[in-house]
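# Chain and residue survey
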Amino acid sequence: MQKLAAKHGPAPFAPHPFPRRAPYVVLLSSIVSQQLSGKAADTIWQRLSSRFALEPEVLCQARTEDLRAVGLSNAKARYVQDLSRFALEGGLLGIEHQPDPEVIRRLTQVRGIGVWTVQMFLMFGLGRPDVWPVLDLGIRKGALQLYGISEREALEELGERFRPYRSHAAWYLWRVLE
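This write-up is about the structure you can find in this document. Along every chain, residues carry numbers that run from 1 in the direction the sequence is written. Per-residue local features are limited, in this predicted model, to residues with pLDDT of at least 70; the limit for side-chain atom pairs, both in listing and counting, is 80 or more; totals at the level of whole chains, interfaces and linings are taken over all residues. Side-chain metrics in this entry use all non-hydrogen atoms of the structure; hydrogen atoms and water are not considered.

### A few points about the overall build of the chain
Stated precisely, the cut-off is as follows: Strands are runs of DSSP state E lasting at least 2 residues, helices are runs of H or I lasting at least 4, and numbering of each runs from the N terminus. In this description the radius of gyration comes from C-alpha coordinates, and the expected globular size is given by 2.2 Å times residues to the power 0.38. Categorising residues by exposure relies on relative accessible area from a 1.4 Å probe, with only protein chains included: less than 20% of the type maximum marks a residue as buried, more than 50% marks it as exposed, and the intermediate range marks it as partly exposed. Residue contacts are counted whenever heavy atoms from the two residues lie within 4.5 Å of one another. The protein chains shown are the only cover counted for residues, whose accessible areas, like all others here, come from Shrake-Rupley with a 1.4 Å probe.
Of the regular secondary structure elements, the chain holds eleven helices and zero strands. The N-to-C order of helical and strand elements in the chain reads α-α-α-α-α-α-α-α-α-α-α. Relative to the 2.2 N^0.38 estimate, which gives 16 Å for 178 residues, the radius of gyration of the chain is 17 Å and therefore close to what a compact globule would have. C-alpha extents for the chain along the principal axes are approximately 50 × 35 × 30 Å. In the chain, buried positions account for 44% of the 178 residues. Taking as baseline every contact in the chain between residues at least 6 positions apart, the subset at least 24 positions apart corresponds to 61%. Entry remark: accessible area of the chain is about 9500 Å², with carbon and sulfur atoms responsible for 52%.

Structure below.
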C-alpha cells in the first residue's frame, strides 16, 4: 500500500483536499453511469446536461420520453425523477452532516440508489475517509491482486487494518487495476 501511495499521491478524501460538488449532481451522475462503460456514461451525461439544467426542479418535471431521448433507460428516467422529487422534498438537506449509516438509510429510500451507490457518494461526493465498499468488483479484484483475497469476510477483516482511512485504501486498491 505504501508503494501505491508513493506512486499515486494522496487519495482524494478528507483530510486531503477533494473536489466538492452538489450532492444532487453527484447522485444524478451516479444514476446515469450505473452499469455503463465510462464512455457511454459520459456521452449520456453530456446529452443530459446540454438539454436540461441539472436541477431537481427541472428534471422532476421532465417528461420520461425526453429523458429517454438523451439515452436514459425507462428505469433510469424514473430514478432521475424519483431522486429529483426526493431532493425537492428536502431529502438531501443537511446530508453532508449526517453519519454514514444515516446517509445510507436516507438515500436507499430513493429508487435506483442502493448501498454501493451511497458508498460511492460518501467517498466521492462527501470525501468521507472511512468507507469500505467490499461489494465493489474493483475492490475485490485489487485485493485479490495485492493481498490474494477476495472473499467478503476476508475483505472486511482487511479493511480493519486501514480504519479510519478505508476510503484511502479502497482508492489505492482501484489504482492496482490501472
